[in-house]
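Residue-level listing of the chains:
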Amino acid sequence: MDSKQLRGAAPVGRGAKWAAGIGSAEIMLLLVAAVWGGSYAVAKQATQQLPVLEFIALRFGLTFVVLLPALGPLFNAQWRQGLAVGGLLGANLLAIFVCETFGVSLTTASNAAFLISLCVAITPFVEWWLLGQRPARRVFWAAGLSALGAAMLSATSPADISVGWGDGLIVVAAFLRAVMVCMTRRLAGRHAMPALTLTAVQAGVMALGAMAISLVASPPNGAWHMPPATASFWWGMAYLVLLCTVFAFFAQNHAASRSSPSRVSLLMGSEPVFGALIAACGFGERIGAWGWAGGLLIVVAAWWVTMPQPVAPRPHS
């Protein structure tokens, strides 16, 4: 190899390392975190106008209808395997939404933001348990930083953190989020479905599941509520369906099969930061120095875990 080839090879090597650190999957996950950060106020307003389970059934029923054209790849020789994988992941996702939504109704928003972000700290251990892959040491450190940052972001002082039934449900949802990421990674090789098709199957399972739970849990003479006809409700539903569900779940399914579960959860752990920014800029909420310091910790942890590790030079033979 001549000197010109050597000079041209160095930049390519550096670019490849950076591409391995931050790629399209990681950028999509940050966009998802930003979209989900703005979903709290919208979902809260919607659930004030419709019961929680009926709201979940409507949201994911509409998502399923929107994604009907994406079901084409499901009708092949492996349709049973595809349905099994989508059904399993959809059931897990429904459990997450049920625990998370009811948990938020029983605890404070700050406690919920902290506890759901524990998914970041839990994922490396679930990854180790389910996939048998021990994450790098810095992933554990970054997970701890992210959990600490989430605690600081959601509480104006350490005394604000408390534990109750709602907190317990949010912890279960955080654990299920970690399991979801690892299961998506583990099952990625067992089906040939595109990410959008998998999202459609999950949405269908969630809509039917939420509807069934609602019918079983409702009183014998309980009536199914009609959705409100207000423009604000349907604009909010469009935001939740198209951005927070269709785009977000597609991006998560796409990225989870192309990045490690710990990296996925750490990047998604930046969701509280985006939520705080939107709350402060769009809804006039005040966040003290303690909260902004916690948000910075989460951003630093997410940035740290995406940076490529230095490769030790090989000794000359």
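As the structure is a prediction and not an experimental result, all values here were calculated from the model.

Rules behind the numbers
Residues numbered from 1 in each chain as written. Predicted model: local features only at pLDDT ≥ 70, side-chain atom pairs only at ≥ 80, totals over all residues. Heavy atoms only, no water. Axes fitted to C-alpha atoms, helices over the stretch in contact; angles between N-to-C directions. Helix = DSSP H or I, 4+ residues; strand = E, 2+ residues; numbered from the N terminus. Parallel < 35°, antiparallel > 145°, perpendicular 65-115°, else oblique. Left-handed = near helix turned anticlockwise from the far one by under 90°. Nonpolar A, V, L, I, M, F, W, Y, C, P; charged D, E, K, R; others polar. Patch = residues over 30% accessible without salt bridge, like charges linked within 9 Å, V, L, I, M, F, W, Y side chains within 5 Å. Areas by Shrake-Rupley, 256 points an atom, 1.4 Å probe, with all protein chains shown as cover. Salt bridge = Lys/Arg side-chain N within 4 Å of Asp/Glu carboxyl O. Buried < 20%, exposed > 50% of the residue type's maximum accessible area, 1.4 Å probe, protein only. Contact = heavy atoms within 4.5 Å. pLDDT = per-residue confidence, 0-100.

1. Describing the packing of helix 5 (residues 79-106) against helix 9 (residues 165-187)
Thought 1: It is the contact of helix 5 with helix 9, at a shortest axis distance of 8 Å, that shows an interaxial angle of 160°. Classified by the angle between their axes, helix 5 and helix 9 sit roughly antiparallel to one another. For helix 5 against helix 9, the interelement crossing comes out left-handed.
Thought 2: Split by residue class, the contact of helix 5 with helix 9 holds 19 nonpolar, four polar and two charged.

2. Quick notes on a nonpolar patch on the surface
Thought 1: Together, Val66, Leu242 and Leu243 line one region of the surface with nonpolar side chains, adding up to about 240 Å² of accessible area.
Thought 2: Within the secondary structure, Leu243 sits in helix 11 (residues 231-256).

3. Thoughts on the environment of Trp224
Thought 1: Looking at where Trp224 falls in the secondary structure, it is placed in the loop between helix 10 (195-217) and helix 11.
Thought 2: A relative accessible area of 40% places Trp224 in the partly exposed class.
Thought 3: Sequence separation between Trp224 and Met211 is 13 residues, and the spatial gap between their C-alpha atoms is 9.8 Å.
Thought 4: The contact partners of Trp224, leaving out residues within four places of it in the chain, are Glu54, Ala57, Met211, Ser214 and Leu215.

4. Brief notes about the confidence of the model for the protein chain
Thought 1: Mean pLDDT for the protein chain: 76, with 74% of residues reaching 70 or above.
Thought 2: Predicted confidence in the protein chain is weakest over helix 1 (residues 3-21), with a mean pLDDT of 41, and strongest over helix 4 (residues 52-66), with 92.
Thought 3: Low confidence marks residues 1-20, where pLDDT is under 50. Its contacts with residues over four positions away, or in another chain, come to six contacts.

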